[in-house]
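Notes for the structure review
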Amino acid sequence: MSENKMCEDKGVINMTDSVADISQKGRIIHLVKEWKRKVEKINQKYSKPRLKMTPLVKISLLALRIYLIMLVIILVYKFYTLVR
Amino acid sequence: MESASYYYKYRRFIKWLRLYLALAGPGIIVMVADNDAGGITTYAATGAKFGFHFLWFILLLGPVAYVVQEMTVRLGAVTKRGHAEAIFDAFGPFWGWFSLIDLGIVDFLTLVTEFIGMTAALKIFGVPPVVTVIGVAILMSAIVMQGRYWTWEKIVLVFCALNLIYIPAALIIHPDVSAITKGLIPGFPTGLTNDVFFFLMANIGTTIAPWMLFFQQSSVVDKGMTEKDILFGKLDTASGALFTVIVAAFCIILTATLLYKPGGADIESAAAAASAIMVHNPFVGSALAIGLFDAGLLGAICISLASSWAMGEVFGWAHSINNKPSEAPMFYVFYFLSLIGAGIIVLLPGSPLVLITLFVQVIAVTLLPAALVFLILLLNNEELMGKYKNTLVQNIFGFSIVLMIIILSTLYALSVVFPELFK
């Protein structure tokens, strides 16, 4: 009888643990989903750039992209030589 | 009749002065905070290495900083938006997220370097790093949590005034006035060697940092400045630029007088310079250490706020210092998390602090050109800026300075990654 009671108790404890685990996981998933929704909302809000894409703006943004790609290549090269 | 006219002129001047004093703040704070722990180390090292030779160069950096920061004043006052939100709005989510994430990383790493400076400075007086970190965290929380922008600004201005400690410290050691005068004349007495080039790049690198653009624009918006306040904002920024170059020049005069020797002396950091000076002149050594702590504190205050404002603008959280923590919880949570995170990294044994200090320069150079280019493009948009858009003269200065900063700061970052490049 007492053994059964102990098993039942263990079961209760295990169940409580798993419920807590699920609720913890659920909370994290909910939080991630909420952040994702927030980011999507921001992306939607600013989806149409307000600045007119004049040639000057287009050239500047292209130059920026090239500059950043070059920087990344240099850093990757440095990392590669360090590791090697 | 004439005395009445003088009286009215006097009354008008007093009224104008009062208005200026009420509106002054963001420009002075951002410029003085620009002389952060890293900045003070650069100036101290420049003085020890080259004596008074490059005082003229430091004075030139004032107008450079003014031209860039003045644009953020106009942009903030006209659009009523911080720089992060302005980038999202004008250039779309790709550049918006790039700037925001990059700003978050750069600011966090810079915050770590400010804590490194502050703990090193107070260690000279025997204060353990853990006490410094906890004390700074409590102080910064108390300053920001009182719920009024005006009070916050005035407290921070007191810390800015403490930065002037380098002036009496330099004056009491009786620096060589004729050598200082020679140092004010542009030239390269030792030739334009790789060492000279490296130090000039480092000084340029400390003049404009990405967080400064975001901080001043958000600060102008939080203060509620409008188009009619732009003139005062410009004056405020000009005063700040003057203030910052004076402090930098006196910091150089101090180490040039006490540490410079023919051939140049190499110092690792401002804290090392303060310790070296402390042996010969405890007052001046203490002044340098106190100044370094103050510089780190001002940097930490502004950098953590720049990130929190930017996050608040984009995510739509309440994000004003005028809000109490209960009214803007996410803004303050982000502020405290970055503060506590940076403090913990400094205290963790075995943290790669030297690597972080070097890495900051490299990461900053991925954001600075983008933020500067966005600034210039926004300031040239008539639909956005109306009559406050850049004039031809402003564009000539703006473009030249932005181009120079981009080239020199990129070269500086490359010299950090490849130290043999300029040796």
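Source: prediction; values computed, not measured.

1. Considerations on the overall build of chain B
Along its length, chain B carries 19 helices and zero strands. Projected onto its principal axes, the C-alpha positions of chain B cover 65 × 55 × 40 Å. Looking at chain B as a whole, 53% of its 423 residues are labelled buried. Taking as baseline every contact in chain B between residues at least 6 positions apart, the subset at least 24 positions apart corresponds to 85%.

2. Let's talk about the overall build of chain A
Each helix and strand counted, chain A has two helices and zero strands in total. Among the 84 residues that make up chain A, the fraction classed as buried is 4%.

3. Notes on unusual backbone geometry
All names here are of chain B. Despite not being glycine, Lys80 has its phi angle at roughly 60 degrees, a positive value. Here Lys80 lies in the loop between α4 (55-79) and α5 (83-91). The residue His174 is not glycine, and still its phi comes out positive at about 50 degrees. The residue His174 is located in the loop between α9 (166-171) and α10 (177-183) in this model.

4. Observations concerning the confidence of the model for chain A
In the predicted model, chain A carries a mean pLDDT of 77, and the fraction of residues at 70 or more is 74%. Long-range and interchain partners of residues 6-13 of chain A, a stretch whose pLDDT sits below 50, account for zero contacts in this model, where long-range means more than four residues apart.

5. Quick word on the environment of B:Phe125
By the element assignment, B:Phe125 lies in the loop between α6 (93-123) and α7 (129-145). Classification of B:Phe125 by C-beta neighbours within 10 Å gives exposed; the count is 12.

6. Structural notes on helix α14 (residues 270-280) of chain B
Listed as buried for α14(B) are B:Ala270, B:Ala271, B:Ala273, B:Ala274 and B:Ile277. Each buried residue of α14(B) sits inside an arc of 150 degrees when the element is viewed along its axis, so together they form one side.

7. Observations concerning the environment of B:Leu109
Residue and element names in this part refer to chain B. When you line up the elements, Leu109 lands in helix α6. When the 20 C-beta atoms within 10 Å are taken as the criterion, Leu109 is described as buried. In sequence terms Leu109 and Phe359 are 250 residues apart; their C-alpha atoms lie 8.1 Å from each other. Not counting residues up to four positions away in its chain, the partners in contact with Leu109 are Ile356, Phe359, Val360 and Ile363.

8. Some words on the interface of chain A and chain B
Between chain A and chain B, the residue contacts involve 16 residues of the former and 16 residues of the latter. Per-element tally for the side of chain A that touches chain B: the top contributor is helix α2 (residues 55-83) of chain A, with eight residues. Split by residue class, the side of chain A that touches chain B holds 10 nonpolar, three polar and three charged.

9. What about the nonpolar core?
Core analysis: the largest hydrophobic core is formed by 148 residues, its most contacted members being B:Cys251, B:Leu254, B:Leu288, B:Leu292, B:Cys302 and B:Leu375. Residues contacting B:Leu375, with those up to four places away along its chain left out, are B:Met71, B:Thr72, B:Leu75 and B:Leu213.

10. Details of α7(B)
All names here are of chain B. For α7, with 17 residues, the first-to-last C-alpha span of 24 Å sits near the 24 Å given by 1.5 Å per residue. Of all the residues in α7, the buried ones are Thr132, Val133, Val136 and Val144. The arc that holds every buried residue of α7, seen down its axis, measures 95 degrees, which confines them to one face. In α7, the exposed positions that point more than 90 degrees away from the buried face belong to Val130, Val131, Ile138 and Ala142. Tucked inside the fold, the buried residues of α7 contact α6, α8 (149-162), α15 (282-315) and α16 (329-347). In the segment just after α7, Gly147 is the residue with positive phi, at about 85 degrees.

11. Things to note about the packing of helix α2 (residues 26-34) of chain B against helix α12 (residues 210-223) of chain B
Residue and element names in this part refer to chain B. Between α2 and α12, the least distance of the axes is 9 Å, while the angle of their chain directions is 155 degrees. Classified by the angle between their axes, α2 and α12 sit roughly antiparallel to one another. Judged by the twist between their axes, the crossing of α2 over α12 is right-handed. Residue-level inspection shows Pro26, Gly27, Val30 and Asp34 of α2 in contact with α12, the latter providing Met212, Phe215, Gln216, Ser219, Val220 and Lys223. Class assignment for the residues of the contact of α2 with α12 results in five nonpolar, three polar and two charged.

12. Observations regarding the packing of α4(B) against helix α11 (residues 194-207) of chain B
Residues and elements named next belong to chain B. Between α4 and α11, the shortest axis-to-axis distance is 10 Å and the interhelical angle comes to 30 degrees. At the point where α4 passes α11, the crossing takes the right-handed sense. Seen from α4, the contacting residues are Phe57, Ile58, Leu61, Val64 and Ala65; seen from α11, they are Leu200, Asn203 and Thr207. Per-class residue counts for the contact of α4 with α11 are six nonpolar, two polar and no charged.

Conventions adopted
- Residues numbered from 1 in each chain as written.
- Chains lettered and ligands numbered in written order.
- Predicted model: local features only at pLDDT ≥ 70, side-chain atom pairs only at ≥ 80, totals over all residues.
- Helix = DSSP H or I, 4+ residues; strand = E, 2+ residues; numbered from the N terminus.
- Buried ≥ 20, exposed ≤ 12 C-beta atoms within 10 Å, placed from the backbone.
- Contact = placed C-beta atoms within 7 Å.
- pLDDT = per-residue confidence, 0-100.
- Arc of directions from axis to C-beta.
- Nonpolar A, V, L, I, M, F, W, Y, C, P; charged D, E, K, R; others polar.
- Core = buried A, V, L, I, M, F, W, Y, C linked by C-beta atoms within 7 Å.
- Expected span 1.5 Å × (residues − 1).
- Axes fitted to C-alpha atoms, helices over the stretch in contact; angles between N-to-C directions.
- Parallel < 35°, antiparallel > 145°, perpendicular 65-115°, else oblique.
- Left-handed = near helix turned anticlockwise from the far one by under 90°.

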